[in-house]
Amino acid sequence: MDSHLSPLYDIAELRRIEFPWTGDTIYLNHASVGPLPERTRLTLESFNRKRAIPHQLPDRELIAMLAESRRLAGELIGADPEEIALTINTGFGLSLAARALPLEAGDIVLASDREFPANVYPWMMLKDQGIRLELAPTTPEGWPDEEYLLHRVADSRVRVLAVSLVQFSNGYTINLARLSAAARATGTYLVVDAIQALGQVPVDIRNTPVDVLACGAQKWLLSPWGSGFVYVRRELIGELRPAITGWMAFEGTDDFTQLTQYNDTLRGDARRFELITLPYQDFAGMNASLGLLLDLRVARIANHLRTLHRPVLDWAERHDVRIVSPDGERGSGILCFAPPDVGRAFRALKAAHVVSSLREGAIRLSPHAYNTEAEMHRVVEILEGC
Ligand SMILES: Cc1ncc(COP(=O)(O)O)c(C=O)c1O
């Protein structure tokens, strides 16, 4: 933990202004769906008010809003806006990578077993082209086996390493720097599913280069369904030809007065991957949420989440309950544990208005910036009583 980032933002104020419903529910389910902060809800409302009367939303305003979305997404990960394409979910970005990377029959895509299916099926579908998805066994704890992945990346047939930055079922955070260095040394494409990371784990791809990074914004980015983005490394953009193309993916299409002057030159930036028309209202909302998260600072949020885990970790130790999530650098804001009667504990939490998830045999707690230590002590109280 980085103690230089204290003091924290004012949590009570954050709850009061942005999450006013938190008095009656303990929401610890951001790895599933993030709530919308008040500023985002209000943005959607005022956007939709204008949307009802379309001439109140001129094209130039919509175009500027999407440019702002690319800028904010870029700021979040240390990328230039030109390297960001807006997408409706994570799967779109991962499918883009699967379909557009220059792969051939005989190539292998390497992923860890137990990846979320969004990062499995697009690669499995390449079977028809003679490209094989190899699922690397996880460690006995069920975490990605980084040593094994690094060993396999050295095989020249492995052309893609596809990983989640944070695992959905245990919160394991891969050592991106290490995998990035290995992928660069061997010329393997590194594709990252970042939806369980961005917003709770700081990412700066200037320090840890990746080739493609896909992220839906509906979870830790506290944004509407239908918003998200994909980053494509600048040097790679020109090499990737999208399998499906939107009409604004081409040069010259900003000029709506000459749309039938067709020009089949794809844009030079990542907008060549965008499938316009996009759900504009959702990106208006995403902009508001990203603004909040960037103000709070993800590094601070990450620190805060580790503090929140402490009461549950102590309880687990007292009762010899298995913690499924890693600790320290490989951990994240996701905390999973497996009490002997996991179903009973899950139901007890639910009955007491604690929202969590049951995933792969464990209870998954995924708090965010506005959750409090008092809430986590309440969780312990409930667990003690069941
Ligand atoms: C690791 C991971 N990838 C992707 C998704 C979702 O993908 P999409 O945004 O395409 O719905 C989830 C959760 O729903 C996830 O946990």
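Refer to the structure above for everything that follows.
Rules behind the numbers
Residues numbered from 1 in each chain as written. Predicted model: local features only at pLDDT ≥ 70, side-chain atom pairs only at ≥ 80, totals over all residues. Heavy atoms only, no water. Near = heavy atom within 4 Å. Polar contact = N/O pair within 3.5 Å; in protein donor to acceptor, adjacent residues only side chain to side chain. Areas by Shrake-Rupley, 256 points an atom, 1.4 Å probe, with all protein chains shown as cover. Nonpolar A, V, L, I, M, F, W, Y, C, P; charged D, E, K, R; others polar. Phe/Tyr/Trp six-rings, centres within 6.5 Å; stacked < 30°, edge-to-face > 60°. Helix = DSSP H or I, 4+ residues; strand = E, 2+ residues; numbered from the N terminus. Buried < 20%, exposed > 50% of the residue type's maximum accessible area, 1.4 Å probe, protein only. Pairing = 2+ DSSP bridges. Axes fitted to C-alpha atoms, helices over the stretch in contact; angles between N-to-C directions. Arc of directions from axis to C-beta. Contact = heavy atoms within 4.5 Å. Core = buried A, V, L, I, M, F, W, Y, C linked by side-chain atoms within 4.5 Å. Patch = residues over 30% accessible without salt bridge, like charges linked within 9 Å, V, L, I, M, F, W, Y side chains within 5 Å. Salt bridge = Lys/Arg side-chain N within 4 Å of Asp/Glu carboxyl O.

Once that is clear, we can look at the site of the ligand. Near the ligand you find Asn89, Thr90, Gly91, Phe116, Ala118, Ser164, Phe168, Asp193, Ile195, Gln196, Gln218 and Lys219, and these make up its full shell. With respect to the ligand, the side chain of Gln196 contributes an N or O atom lying 2.9 Å from an oxygen atom. At 2.8 Å, a side-chain N or O of Lys219 approaches an oxygen atom of the ligand. Protein burial of the ligand: of its 390 Å² of free accessible surface, 84% is covered by the chains. Looking at the shell around the ligand residue by residue, the class counts come to 4 nonpolar, 6 polar and 2 charged.

So, on to the packing of aromatic side chains. Any pair of aromatic rings gets described here by the distance separating the centres and the angle formed by the planes. Within the structure shown, the criterion is met by 7 aromatic pairs. Between the aromatic rings of Phe19 and Tyr370, the centroid separation amounts to 4.0 Å while the plane-to-plane angle is 20°, which identifies the pairing as stacked. Pair noted here: Phe19 is in the loop between helix H1 (11-18) and strand E1 (26-27) and Tyr370 is in the loop between strand E13 (362-365) and helix H12 (373-384), with a separation of 351 residues, a long-range link. Exposure remark for Tyr370: the relative accessible area of 0% places this residue in the buried category. Relative to Tyr27, the ring of Trp21 lies with its centre 6.1 Å away and its plane at 90°, an arrangement referred to as edge-to-face. Of the residues examined, Trp21 reaches a relative accessible area of 31% and is grouped as partly exposed. The structure contains a cluster of three or more aromatic residues connected by ring pairs, namely Phe19, Trp21, Tyr27 and Tyr370.

It is worth spelling out the pairing of E13 at this point. Residues Ala362 and Arg364 point to one face of E13 and Ile363 and Leu365 to the other, with burial holding for every one of them. In the sheet, strand E10 (residues 335-338) pairs with E13 via 3 bridges, with the strands oriented antiparallel. If you follow Phe337 over to E13, its bridge partner there is Ile363. Pairing analysis gives 3 bridges linking strand E12 (residues 357-359) to E13, with the strands arranged antiparallel. Paired with Ser357 across the strands is Arg364, a residue of E13.

The next subject is the sheet that holds strand E3 (residues 108-112). Spatial ordering of the open sheet is given by E2-E8-E7-E6-E5-E3-E4, a layout of 7 strands whose pairing is mixed. The open sheet has two free edges, formed respectively by strand E2 (84-86) and strand E4 (132-136), since each of these has just one partner strand. Ignoring strand direction, the axes of neighbouring strands in this sheet form an average angle of 20°. Pairing of strand E7 (residues 212-216) with strand E8 (residues 228-232) involves 5 bridges; the strand directions are antiparallel.

Moving on, we get to helix H6 (residues 146-153). The α-helix winds at 3.6 residues per turn, so residues separated by three or four positions along the chain end up facing the same way. Every buried residue of H6 is listed here: Glu146, Leu149, Arg152 and Val153. Taken end-on, H6 shows its buried residues confined to a sector of 125°, consistent with a single buried face. Seen from the open side of H6, the exposed residues pointing more than 90 degrees away from its buried face are Glu147 and His151. Those residues of H6 hidden inside the fold are in contact with E3, E4, strand E5 (158-164) and helix H7 (176-186).

Looking now at the nonpolar core. In this structure, Ile77, Val192, Leu198, Leu213, Leu221, Phe229 and Val312 are the most contacted members of the largest nonpolar core, which totals 95 residues. In contact with Leu221, not counting residues within four places along its chain, are Leu76, Leu198, Gly199, Cys215, Gly216, Phe229, Ser289, Leu290 and Leu293. By size, the runner-up hydrophobic cluster in this structure holds 28 residues, among which are Ala97, Leu103, Val109 and Leu126.

This part is about a nonpolar patch on the surface. A surface patch of nonpolar side chains, about 350 Å² in accessible area, is lined by Ile63, Trp247, Phe256 and Leu259. Following the sequence through the fold, Ile63 ends up in helix H3 (residues 59-77). Looking at Ile63, the relative accessible area reads 39%, which means it is partly exposed.

Right, let's get into the pattern of salt bridges. Taken as a whole and assessed by the stated rule, the structure comprises 25 salt bridges. Salt bridges sharing partners connect three or more residues here, namely Arg132, Glu134, Arg152, Asp155 and Arg157.

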